[in-house]
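Single-letter residue listing:
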Amino acid sequence: PNVDEGDKNVVSPTAVVLMVRRARQLLGRFSSTTGGHDAMVDVQTNSRSGRKFFVFECTRYMIDPGADRYDGASVTCSDTHSRILSSMKGLSSAEHVERLDAGGENIIPFDVDSWSEAAAAEFLSMFYLYQLLIYYVWFWFSYLIVAAFLGCIVVGSGLLNIYISRLNQRTIAQLTAYSTECTAIRDQQDTVCGSDQLVPGDVVLIKGEGWTLPCDLCLVVGSAVCDESGLTGESMPVRKIALPAPETDNDPLYDPEHRDAKHTLFAGTKVLQSG
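Please read these numbers as outputs of a predicted model, since none were measured by experiment.

Basis of the calculations
Residues numbered from 1 in each chain as written. Predicted model: local features only at pLDDT ≥ 70, side-chain atom pairs only at ≥ 80, totals over all residues. Heavy atoms only, no water. Helix = DSSP H or I, 4+ residues; strand = E, 2+ residues; numbered from the N terminus. Buried < 20%, exposed > 50% of the residue type's maximum accessible area, 1.4 Å probe, protein only. Lys, Arg positive; Asp, Glu negative; His and termini not counted. Salt bridge = Lys/Arg side-chain N within 4 Å of Asp/Glu carboxyl O. Polar contact = N/O pair within 3.5 Å; in protein donor to acceptor, adjacent residues only side chain to side chain. Contact = heavy atoms within 4.5 Å. Patch = residues over 30% accessible without salt bridge, like charges linked within 9 Å, V, L, I, M, F, W, Y side chains within 5 Å. Areas by Shrake-Rupley, 256 points an atom, 1.4 Å probe, with all protein chains shown as cover. Pairing = 2+ DSSP bridges. Axes fitted to C-alpha atoms, helices over the stretch in contact; angles between N-to-C directions. Parallel < 35°, antiparallel > 145°, perpendicular 65-115°, else oblique. Left-handed = near helix turned anticlockwise from the far one by under 90°. Nonpolar A, V, L, I, M, F, W, Y, C, P; charged D, E, K, R; others polar.

Student: A description of the side chain of Arg-166 should follow, citing residues and the corresponding values.
Tutor: Here Arg-166 lies in helix H7 (residues 144-176). Buried within the structure, Arg-166 lacks any salt-bridge partner; Asp-113 is the closest side chain of opposite charge, at an N-O distance of 7.2 Å. Within polar-contact distance, the side chain of Arg-166 engages the backbone oxygen of Asp-113 at 2.9 Å. Not counting chain neighbours up to four residues away, the residues in contact with Arg-166 comprise Val-112, Asp-113, Ser-114, Trp-115 and Ala-118.

Student: Account for a nonpolar patch on the surface, with residues named and values stated.
Tutor: On the surface, a nonpolar cluster with roughly 710 Å² of combined accessible area is contributed by Val-137, Trp-138, Trp-140, Phe-141, Tyr-143 and Val-146. In terms of residue count, the dominant contributor to the nonpolar patch is helix H6 (residues 126-140) (three residues). On the secondary structure map, Trp-138 appears in helix H6. Taking relative accessible area as the criterion, Trp-138 reaches 30% and is therefore assigned partly exposed.

Student: How would you sum up the pairing of strand S2 (residues 52-56)? Please name residues and give values.
Tutor: Every regular strand shows the same layout, with side chains that alternate between the two sheet faces. Relative to S2, strand S1 (residues 44-45) is paired through two bridges, and the arrangement is antiparallel. Across the sheet, the residue bridging to Thr-45 is Lys-52, located in S2. Two elements, S2 and strand S3 (residues 59-64), share four bridges in a ladder whose sense is antiparallel. Bridge assignment links Phe-53 to a residue of S3, and that residue is Met-62.

Student: Give me the lowdown on the sheet that holds S2, citing residues and values where you can.
Tutor: Strand order in the open sheet formed by four strands is S1-S2-S3-S4, with antiparallel pairing between adjacent strands. The two strands at the open ends of the sheet, each matched to only one other strand, are S1 and strand S4 (69-72).

Student: Any details on the packing of helix H5 (residues 115-123) against H7? Residues and values, ideally.
Tutor: Remark: H5 packs on H7, axes separated minimally by 10 Å, with the N-to-C direction vectors making an angle of 130°. The angle between H5 and H7 falls in the class oblique. Between H5 and H7 lies a crossing of right-handed hand. Note on element contacts: H7 touches H5 through Val-154, Val-155, Gly-158, Leu-159, Asn-161, Ile-162, Tyr-163 and Arg-166, opposite Trp-115, Ala-118, Ala-119, Glu-122 and Phe-123. Class assignment of the residues belonging to the contact of H5 with H7 gives a composition of nine nonpolar, two polar and two charged.

Note that every value here comes from positions in space, so none of it alone points to a role or purpose.
Next up, the structure:
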C-alpha cells in the first residue's frame, strides 16, 4: 500500500498542498479500495529445489503452497566479530544450495527494452496522445503544413528520446553484467565457481593484480590494498586489514560502513595487492 509521504517531503506545506491532502481524504472515504499499487509478476520455479517464487520490486518472495501464503526470502548470516571469525571454514554444499534458493544468484538483473517496448512507453503516454490529437484536428481543418511540421517535431523528438534511453540502458547493462571466477571454500575444500554463484556466508580467496570484487566481503585473514577511487573518488590506494578477534566479553556487531570499513572490501572496487 502507498504511504503518505507528504509530511516527509514538504516541511512547510502551502495552502494548495493542504487543499490537495484534504481532497484525497474526502475521496478516500467514498472509495472501497485500500490504496497502493500493483504489478503483474511471473511465478518462477527454482530448478534446484522446485520451490516457487516471484520477484517484486527487487525482493524475492517464496511461495508456500501448503499454507497458501508467501514470505520474503531471507538469509541469516553471522553478525558479530566472533561469529564471523568462527565461520571461516566456509559453507557446506547443502547450505550453499539453501542460501542460493533463498537469495538467488549474485547478479543485478537488468534487461534492455526492445524497440517496440521503448516506443510504446514513449508514444502511448497521455502527453503525446494529447499533442497528436491536436495535430489531427489541424489536419482535418486543412492546416496541413503547420500540422505536418509540428507533428514531425514531436515524432522526431520521441524517436531521439527512445534512442538515448536505449543507449543509457545498454551502458547500464554492460556495467551490471560483470562476472568473474572465484575460489570459495565449500565442504572445507577449495571450489572454483562463477561469481554469480556466491551466497552470503561464503569464504572467498582474494585475488590481487586489479581483480574487481564481485560483492562486499569482510577480510578475515591477511591484508589487501584496494583502489576505491570509483567508489569514493580517493585516488590513493586504501590498505585493508583482517577483522580482529573481540577482546574479553565485548563482541561488537559488524559495522561495514563505519567502524569496520578498514576490514571491508566493497563490490566494484579493485584489489591491487593481497597477501
